[in-house]
Amino acid sequence: MSPPVRVLYLAGSGRSGSTLVTTVLGQYDGVFAAGELRYLWQRGELENRPCGCGRPLRDCPLWGEVRRELPTDRAAAIAAGLRGRLRMRGLPALLRRHRRGVRPVPAHPDDAALADLYAAVARHTGARVVVDSSKLPPYGALLGALPGIELRVLHLMRDPRATAFSWRRRRGLDGDTDPELMSRPPVWKAALLWLVWNTVTARLWADRAPTGYLRVRYEDLTADPEATLRRIAGFAGVDPDGGPFTGPATVRLTPTHSVAGNPSRHRTGPVPITADVQWRHDLSRWSYALVTALTAPGLRRLGYPWRRGVPAPAGAGRPARGGPAAAGGRSVGVGRAGSTGHEEG
Ligand SMILES: [Zn+2]
């Protein structure tokens, strides 16, 4: 019997840097950046959307090998089954089962195909760690109960005012030319989703720290990218020295074979990692107040201030590290055009 597949599961709410972390981790030896594997069946198999390498998924040689071992003729049924099992309205029951110590997402006949997917990915890539950036906590809970999977949870989080702002941007699902847009929930909905998914992620896994759970804030990641990625690599059981850093905040990226995720996963070459703080200036006072009120139960607990921080004035010479406020100001070279796009996913 083969050893279990170690899956580094990126959990939490969206737009918190998971695509960036996945792509960077994919450059380490022994790591395969799989992307959002919960979408493999729908967006990959059925819609044949681009792999991280740029080819339509069904034309990618790597996924061709993996797919041969999967019941791809049942992709539509598996995708529909997942949607049904992972619905938000099932959350209270999921948490109740977790508290009772039973499997949070009940077993299902499709589970064999899901377990086979991760085993096949590990076999064909030779990876010791598979990074899955699906984020949705119920899917992570489902994975954690599958045979042959050793789950380690990386809880990525970001200031909810920033994520609410980011969700409102118009972005094509697979880049600017894609007519199908990424979802754009209103700020109130983005705020509630932030609260729900971050709370559920902590409830499900926080007690597994330090070996099974690590919480990382986007603000710390962008303030000190290399040190933060070293910490994540160590947590995943990967050599922290094997990363793609050419400077403390610059990485050299080669293509990955990630499924779904933010369009920035296609980015290659030298990429600077900087904080996207446009929301500090452009999020309206009303939206700021609304998101703050709706997420108040989690803000303090998760280390975010209620008041809008006063960003350092450009050129004031404050060290660019140490938390959300420290990364403020337009001087950090942030923008949508030409940015790493890591404000999302
Ligand atoms: Zn590919």
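Residues numbered from 1 in each chain as written. Predicted model: local features only at pLDDT ≥ 70, side-chain atom pairs only at ≥ 80, totals over all residues. Heavy atoms only, no water.

As recorded in an unreviewed UniProt entry, the chain goes by the name Sulfotransferase, listed as coming from Micromonospora humida.

Novice: When you look at the overall build of the chain in this model, what are you seeing that I'm missing?
Specialist: A tally of helices and strands in the chain yields 13 helices and eight strands. Here the chain, with 345 residues, has 54% of them falling under the buried criterion. Carbon and sulfur atoms provide 54% of the accessible area of the chain, an area that totals close to 14,700 Å². (Helix = DSSP H or I, 4+ residues; strand = E, 2+ residues; numbered from the N terminus. Buried < 20%, exposed > 50% of the residue type's maximum accessible area, 1.4 Å probe, protein only. Areas by Shrake-Rupley, 256 points an atom, 1.4 Å probe, with all protein chains shown as cover.)

Novice: When you look at the sheet that holds strand β8 (residues 269-272) in this model, what are you seeing that I'm missing?
Specialist: Note on sheets: strands pair through backbone hydrogen bonds, and any given pair is parallel or antiparallel. Reading across the sheet, the three strands line up as β6-β7-β8 and stay open at both edges, with antiparallel pairing between neighbours. Strands at the two margins of the open sheet, each flanked by one partner only, are β6 (245-247) and β8. Going from strand to strand, the sheet's axes swing by 35° on average, the running direction of each strand aside. Pairing geometry for β6 and strand β7 (residues 250-253), over two bridges, is antiparallel. Pairing of glycine 247 across the sheet is with threonine 250, part of β7. (Pairing = 2+ DSSP bridges. Axes fitted to C-alpha atoms, helices over the stretch in contact; angles between N-to-C directions.)

Novice: What am I meant to see in the packing of helix α8 (residues 160-167) against helix α13 (residues 285-299) here?
Specialist: Between two packed helices, what matters for the description is the angle formed by their axes and the separation of those axes. Orientation of α8 relative to α13, taken along the N-to-C sense of each, is 130°, at an axis distance of 9 Å. By the angle class used here, α8 and α13 are oblique. For the pair α8 and α13, the sense of crossing is right-handed. Facing α8, whose interface residues are Pro160, Arg161 and Ala164, α13 presents Tyr288, Val291, Thr292, Thr295 and Leu299. (Parallel < 35°, antiparallel > 145°, perpendicular 65-115°, else oblique. Left-handed = near helix turned anticlockwise from the far one by under 90°. Contact = heavy atoms within 4.5 Å.)

Novice: Explain the coordination of the zinc ion here, please?
Specialist: Each angle at a metal carrying four tetrahedral donors should ideally be 109.5 degrees, and each at a metal carrying six octahedral donors should ideally be 90 or 180 degrees. Protein coordination of the zinc ion is provided by Cys51 (SG), Cys53 (SG), Cys60 (SG) and His257 (ND1), with donor distances spanning 2.1 to 2.4 Å. One way to put it: the four donor atoms around the zinc ion meet at angles of 96 to 118°, and that makes the site tetrahedral. In terms of primary sequence, the donors binding the zinc ion are separated according to C-x1-C-x6-C-x196-H. Here the residue cysteine 60 occupies a position in the loop between α2 (40-46) and α3 (61-67), and histidine 257 occupies one in the loop between β7 and β8, the gap between them amounting to 197 residues. (Donors = N, O, S within 2.8 Å, 3.2 Å for Na, K, Ca; no water. Tetrahedral: all angles 85-135°; square planar, octahedral: opposite > 155°, others 65-115°.)

Novice: What is the right way to look at the pattern of salt bridges in this model?
Specialist: Pairs can form between side chains of opposite charge once their charged atoms are near each other. Enumeration according to the criterion identifies 13 salt bridges in this entry. The residue arginine 68 makes a salt bridge to glutamate 65 at a minimum N-O spacing of 3.8 Å. On the basis of relative accessible area, glutamate 65 is assigned to the partly exposed category, the value being 35%. Between aspartate 110 and arginine 74 there is a salt bridge whose closest N-O contact spans 2.7 Å. Of this pair, aspartate 110 sits in the loop between α5 (91-100) and α6 (111-125) while arginine 74 sits in the loop between α3 and α4 (75-85), and the two are 36 residues apart along the sequence. In this structure arginine 74 comes out as partly exposed when scored by relative accessible area, which is 34%. Taken together, the shared-partner salt bridges connect Arg6, Glu150 and Arg152 into one network. (Salt bridge = Lys/Arg side-chain N within 4 Å of Asp/Glu carboxyl O.)

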